[in-house]
Amino acid sequence: MSEQGEEFKSLEERRAAKQQELEAQRERHKKEGGPSGARRRGLVIVNTGNGKGKTTAALGLMLRASGRGLKVKLFQFIKHERAKFGEHRSLEKLEVPFQGLGDGFTWRSKDLDQSAALGQAGWDAAKEAILSGEWDMVVLDEFTYALAYGWVAWEDVRAALEARDPKVHVIITGRRALPELIEFADTVTEMQPVKHAYEAGIGAQAGIEH
Ligand code: ATP
Ligand code: MG
């Protein structure tokens, strides 16, 4: 065999060995908890604090998870009526479902009774999704207010989180996270405002705020 032949053969062999190694790695990944692996550990992640970035960090996780083939769903507890923010347009393209709960209600609402009822109805829908086993990741955007205002009882939330399939990731965002939620969660990040363009008179912009 010529020297070239030897080289060719060893290249083929190297390729085959690499292929085998990749297959073995895939198998390990499957067994040991890759994205859909049996030993994947679902996390409760809380993004809180007064700085900008809580919702967008949750959306970033959704982007990452979706890219790994996880089934993700977004519930938004505060959403402007008929709002179609940049994230909603992108989520549509990714075919990731989102649901605005109590569309049109805000925590500034004068009608607190209505807000409470909507917040509770929103939680009922989110709880169903968390417990359904249909989703790998459920995001509850601005959910901390429903807890802080007492529209949803922490004990009910804790019970649902404990009862969920341990593979399900739950992401919760919003200011004023309850100490009980912080204690319960696996990962908590507090966004600390250093400065915000708003203070310099620069208003909300498409692509940055919505
Ligand atoms: P984002 O959606 O940009 O990640 P967030 O979820 O951390 O922001 P929220 O408390 O939900 O912040 O407030 C939403 C809006 O308030 C956003 O448009 C954001 O830019 C703005 N905002 C956040 N932090 C501040 C701040 N410290 N001063 C003024 N506006 C802020
Ligand atoms: Mg937010």
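Residues numbered from 1 in each chain as written. Chains lettered and ligands numbered in written order. Predicted model: local features only at pLDDT ≥ 70, side-chain atom pairs only at ≥ 80, totals over all residues. Heavy atoms only, no water.

(A) Local environment of the coordination of the magnesium ion (ligand 2). Binding of the magnesium ion (ligand 2) to the protein goes through Thr55 (OG1) and Glu142 (OE), at separations of 2.0 Å. Placement of threonine 55 in helix H2 (residues 54–67) and of glutamate 142 in the loop between strand E4 (137–141) and helix H5 (144–148) is noted, with a sequence separation of 87 residues between them. (Donors = N, O, S within 2.8 Å, 3.2 Å for Na, K, Ca; no water. Helix = DSSP H or I, 4+ residues; strand = E, 2+ residues; numbered from the N terminus.)

(B) View of the nonpolar core. Counting residues in hydrophobic clusters, the biggest one holds 28 residues, and the most contacted among them are Trp123, Leu140 and Phe143. Those elements that place two or more of their residues in this core are strand E1 (44–49), helix H4 (112–132), E4, H5, helix H6 (154–163) and strand E5 (169–173). Once you skip the residues sitting within four places of it in the chain, tryptophan 123 turns out to touch Phe77, Ile130, Leu140, Phe143, Val152, Asp156, Val157 and Ala160. Of all hydrophobic cores here, the second largest spans 13 residues; its members include Ile45, Met62, Ala65 and Leu74. (Core = buried A, V, L, I, M, F, W, Y, C linked by side-chain atoms within 4.5 Å. Buried < 20%, exposed > 50% of the residue type's maximum accessible area, 1.4 Å probe, protein only. Contact = heavy atoms within 4.5 Å.)

(C) Quick peek at the site of ligand 1. As a structural note, the neighbourhood of ligand 1 is formed by 13 residues, with Lys52, Lys54, Thr56, Glu142 and Glu209 the closest of them. In the environment of ligand 1, an oxygen atom lies 2.5 Å from a nitrogen or oxygen atom belonging to the side chain of lysine 52. Interatomic distance of 2.8 Å between a backbone N/O atom of lysine 54 and an oxygen atom of ligand 1. Protein contacts shield 78% of the accessible area of ligand 1, which totals 590 Å² for the unbound molecule. Broken down by class, the residue content of the shell around ligand 1 amounts to two nonpolar, six polar and five charged. (Near = heavy atom within 4 Å. Polar contact = N/O pair within 3.5 Å; in protein donor to acceptor, adjacent residues only side chain to side chain. Areas by Shrake-Rupley, 256 points an atom, 1.4 Å probe, with all protein chains shown as cover. Nonpolar A, V, L, I, M, F, W, Y, C, P; charged D, E, K, R; others polar.)

(D) Region of the structure containing the pattern of salt bridges. Here the structure, examined in full by the defined rule, presents eight salt bridges. Between arginine 41 and aspartate 186 there is a salt bridge, and its shortest N-O distance comes to 3.1 Å. Highlighted residues: arginine 41 in the loop between helix H1 (3–32) and E1 and aspartate 186 in the loop between helix H7 (179–184) and strand E6 (187–191), separated in sequence by 145 residues. The salt bridge partner of lysine 127 is aspartate 156, with a shortest N-O separation of 3.2 Å. In this pair, lysine 127 sits in helix H4 while aspartate 156 sits in helix H6, placing the two residues 29 residues apart along the sequence. Members of the salt-bridge network, linked through shared partners, are Glu155, Arg158 and Glu162. (Salt bridge = Lys/Arg side-chain N within 4 Å of Asp/Glu carboxyl O.)

(E) Quick look at the sheet that holds E1. The six strands lie next to each other as E3-E2-E4-E5-E1-E6, forming an open sheet whose pairing is parallel. The open sheet terminates on both sides in strands that have one partner only, identified here as strand E3 (98–100) and E6. Shown here is a sheet whose adjacent strand axes are inclined to one another by a mean of 10 degrees, direction ignored. When E1 meets E5, the two strands line up parallel, connected through four bridges. Bridge pairing in E5 places valine 44 opposite valine 170. (Pairing = 2+ DSSP bridges. Axes fitted to C-alpha atoms, helices over the stretch in contact; angles between N-to-C directions.)

(F) Quick peek at unusual backbone geometry. The backbone phi angle of glutamate 95 is positive, close to 60 degrees, even though this residue is not glycine. Here glutamate 95 shows up in the loop between helix H3 (86–94) and E3. In this structure glutamate 95 comes out as exposed when scored by relative accessible area, which is 71%. Positive phi, close to 65 degrees, is recorded for glutamate 142, a residue that is not glycine. Take glutamate 142: its relative accessible area is 18%, and that puts it in the buried class.

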